[in-house]
Each structure stands twice: as structure tokens, then as C-alpha cells.
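For reference, the chains in residue letters:
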Amino acid sequence: MRWIVLALSLWCLSTSASAQDRAAVERQFQAWLNETVWPQARAKGVSRRTMKRAFDGVTLNWKLPDLVPPGQTAQTPKQQKQAEFGSPGRYFNAGSVQGATATGRQMARRHAATLARVETETGVPGRIILAIWGRESGYGQVPIRHNAFQVLGTKGFMSTRSDYFTKELIAALQIAEAGHAPSSSLKSSWAGALGQPQFMPSNFLTYAADGNGDGRSDIWASPEDTIASIGNFLSQHGWIAGRDWGFEVTVPPSVSCALEGPDQGKPIRDWAAMGITRVSGKPFPKHELPGEGFLMMPAGRNGPAFIVTPNFYVLKDYNKSDLYALFVGHVGDRIQYGVGDFRARWGKVGNLYRSDVAAMQRALERQGHDVGGADGLPGFKTRRSIGRWQQATGRTPTCFPEAPMKSALK
């Protein structure tokens, strides 16, 4: 469904853009490259030769999402049923989880020496690096076909986040200038992310690492550099060596789901004293008990629950999604420990328009709740605000937006 919606929105954009003379917009794009991008790139040490090679023959990519051609205003489709903020369980479809696990075990054997060395240097477990690698690029098997300069140029010139993508474009030109990859082969995703770790260009400049000692950080073709770069990113973002990412748990009814969030941490021993137990039946590891833990319930009472550590939020620095971080931790555990599916099942929730969720968020804000912004995306602040509202109004707290709430939260 989301691809149908995206296709329709792109068709509408294409039609409207055609009406305003694309050729004129292309000329504005070339002027923008010369008048705005080139001075910034030159100030960062980019040569005119690199700039010319990067944009030789490059025109706007009108098929990219979130474009706002000159003279138009941004429009948000009503239906945006992404798995991340639709039904959370869709993120963990069997094919994705099992494929990432099976190939990850092969890669663990093939690159055992590199993984062990990077883990020693950074403190980041090899299984976590593998799971990110698998999620981002299928361990390098997913083709990355887009011209990075066309993508970043188009988005820098006419997207809803033009300033951000312009900065990333400058960083991509710096990468080409430094010779990390020939400008003619600088490939990216449709969002401008580079190579097997899917680093945005600015992250490449900061975190890319040489994993095979050849003096380059080739995240496009080198598994060793990819492994070292992911490990370096997580280490630099504060990964705590020796701590796990988290544990699936059972949360008794006496513990409110509104206690979720990275700002409501407690020592793990305190969560255990409240009656929260691991679904495996094993006690929490002794060395984890004094450490801070956080309740995380991505579907509220309608799915698995977790006590996560600060390392979980380091994974979120790689991708801001709760479900992404959970996928990485879970697949990593499957690769190394052979764990099975989550014990708790995902409920049939989440099939709401973002506009419906945003309306609930605005209603909660009027009542004084901090929902983290009325963006139609039920993050932890929205989930726990719903739980607090449910408690205050005599409802059974579920901590997740559901269709019957639309009439009550107006």
C-alpha cells in the first residue's frame, strides 16, 4: 500500500512540475550549483575539477520523494503507513529476520578475524556490527545504484530538508576530492546514504575507518573497512563495552506502560524488584543489575516489551527508529546465540493514518502532555502520554494509538 501511495504522490508531483516548465527549473538548478554550492565546496577545499566531474551530465531526479520545486509548497500525503509507525510487527517479517540471520552467520565465519579485532579495539560486539551491516545493505549484496551527486543535488535544491542535503552534498564533494572513491562511481541510496554501512557523507568523513590497512576507507567494496567503520561509529557514539543492548521481558499489570522512555531509567535491579522478569526465565546477568535500564514497549501493551540498556540508544544514533535498534539487537542475538522469535506476539494495531495520530497528539498536547511533537508518529513520548491519559480517564492503559481513541481524543 505505501508504494501505491508513494507512486501516486510522485505522479502528482511529476504532473505539476511538468506544468511549470521543467527546463526552466533545470536552469535554476545549474545556477544554484554555481552560485550556492560551488562557493561552499571551494571553501572546504574542493577543486573546480572535482566539482565539474561530479556534475558532468547530472540533471535533477524528479522521481525522488519529498521534492518541492521552486514556486510550490510541500504537501504531505494523507496515507503514510510505513511499517515503522504502522503495525510494528511488520518490521520483523520472517524473511528479513531469517535472511539477515542466516547470511550473518556465514559472514561471522568468513570475517571472524576482522570482527574479533574490531571488537577488541572498539568494545562493540561483532554480532551487532553484523546485524547493522545486514540491515543496511544485505551484507553488501544489495545493489546501490543511484548517483550520489544527483540525489544530494536534487534534494539540496528542492526538498523539504534542503539545508541538510546541501551540507551532505558538500561532504560528498569532499569525499571525491580526497580520492576515497572516484566521483564517477560515488553511488548512494535514494536518500544519499553511501556504501555498505549506508553512511551519510558527513558521517563518512567523521567515522569511516580503514579495516584492512591499505590506507583507504572503502565502504563500497571492502568488508573489512565496512566492519571497522560501523564499529567506530558505535564506539564514538558511546557504546559501553561489556553491556548488552537489552532483554525481552514480561511486564506485570502492576507496572505502568507509561514508565517507558530513556528519561525514566532505573537500575535493572529496581525493575526486577517491580516484578519485571526475562521471558527466557533466566535472571538478569549480575553485572547488569546495578546498571541503568529503560522500559521499552514499541507497541505498548500490544506486543513484546523490553528492558534496554544505554547501548540500545547508541543503536538509535545509527538510525532514530526504536524498531531499527530492536531489529539489530535481536538479529545479533540470533546470529551468535541462536535465539528464536520474540516470545510475545505483535498485536493487530497501527493501521491508522498519520493524520489521525497527529490529531490525537494535538488533543493530548492541549491537555498538557508532551508527545514529542504532533507529527503523526507514535514515538515513546506519544505512547506513554496515551497511557497517562488512559489512566487518568479510567481506561485500561495500552500506551498505543488505536482507532476507538479518535472520537475520545479530538
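Coordinates for the structure precede this section.
Note that the structure is predicted; figures quoted are calculated from it, not measured.

Asks: With reference to specific residues and values, describe the pairing of strand E3 (residues 246-250).
Replies: On any regular strand, side chains alternate: one points to one face of the sheet, the next to the other face. Burial analysis of E3 places four of its five residues in the buried class, which makes it a mostly covered element. Sheet topology note: the E3/strand E7 (residues 305-308) ladder contains four bridges and is antiparallel. What sits directly across from Gly 246, in E7, is Val 308. Bridging between E3 and strand E5 (residues 277-278) involves two bridges; their strand directions are antiparallel. Residue Thr 250 lies in a different strand from E5, and its bridge partner there is Thr 277.

Asks: Can you explain the pattern of salt bridges? Please cite residues and give values.
Replies: Evaluated as defined, the whole model comprises 13 salt bridges. Salt-bridge contacts for Arg 127 lead to Asp 333; the nearest nitrogen and oxygen are separated by 3.1 Å. Highlighted residues: Arg 127 in helix H6 (residues 126-137) and Asp 333 in helix H13 (residues 322-337), separated in sequence by 206 residues. Of the two residues, Arg 127 and Asp 333, both sit in the buried class. Beyond isolated ion pairs, a larger network of salt bridges with shared partners links Glu 260, Lys 316, Asp 322 and Arg 383.

Asks: Let's hear about the sheet that holds E3: which residues, and what values?
Replies: Reading across from one edge, E4-E6-E7-E3-E5 is the order of the five strands in this open sheet, with antiparallel pairing throughout. On the outer flanks of this sheet lie strand E4 (266-267) and E5, each paired with one strand and no other.

Asks: Account for the environment of Ala 359, naming residues and giving values.
Replies: As for its position among the elements, Ala 359 is in helix H14 (residues 354-366). The exposure class of Ala 359 is partly exposed, given its relative accessible area of 30%. Along the chain, Ala 359 and Thr 59 lie 300 residues apart, while their C-alpha atoms are 39 Å from each other.

Asks: Can you explain helix H3 (residues 48-55)? Please cite residues and give values.
Replies: Regarding H3, the residues found buried are Thr 50, Met 51, Ala 54 and Phe 55. Down the axis of H3, the sector holding all buried residues measures 115°, keeping them to one side. Those residues of H3 that are exposed and angled more than 90 degrees off the buried face are Arg 49 and Lys 52. Where the residues of H3 are buried, they touch helix H2 (22-43), helix H7 (148-158) and helix H8 (162-178). Directly beyond the C-terminal end of H3, a positive phi value near 80° is found at Gly 57.

Asks: If you had to explain the packing of aromatic side chains to someone new, which residues and values would you point to?
Replies: When we look at a pair of aromatic rings, we describe it by the centre distance and by the angle of the planes. Under the criterion given, the structure shown has 24 aromatic pairs. Measuring from ring centre to ring centre gives 5.2 Å for Phe 312 and Tyr 313, while their planes differ by 85°; the resulting arrangement is edge-to-face. Given a relative accessible area of 0%, Phe 312 falls into the buried group. You can call Tyr 313 buried: its relative accessible area is 18%. Through pairs of rings, three or more aromatic residues link up here, namely Tyr 91, Phe 92, Trp 245, Phe 294, Phe 306, Phe 312, Tyr 313, Phe 327, Phe 342 and Trp 346.

The rules we used
Residues numbered from 1 in each chain as written. Predicted model: local features only at pLDDT ≥ 70, side-chain atom pairs only at ≥ 80, totals over all residues. Heavy atoms only, no water. Buried < 20%, exposed > 50% of the residue type's maximum accessible area, 1.4 Å probe, protein only. Helix = DSSP H or I, 4+ residues; strand = E, 2+ residues; numbered from the N terminus. Pairing = 2+ DSSP bridges. Salt bridge = Lys/Arg side-chain N within 4 Å of Asp/Glu carboxyl O. Arc of directions from axis to C-beta. Contact = heavy atoms within 4.5 Å. Phe/Tyr/Trp six-rings, centres within 6.5 Å; stacked < 30°, edge-to-face > 60°.

These figures come from the coordinates and say nothing about function on their own.
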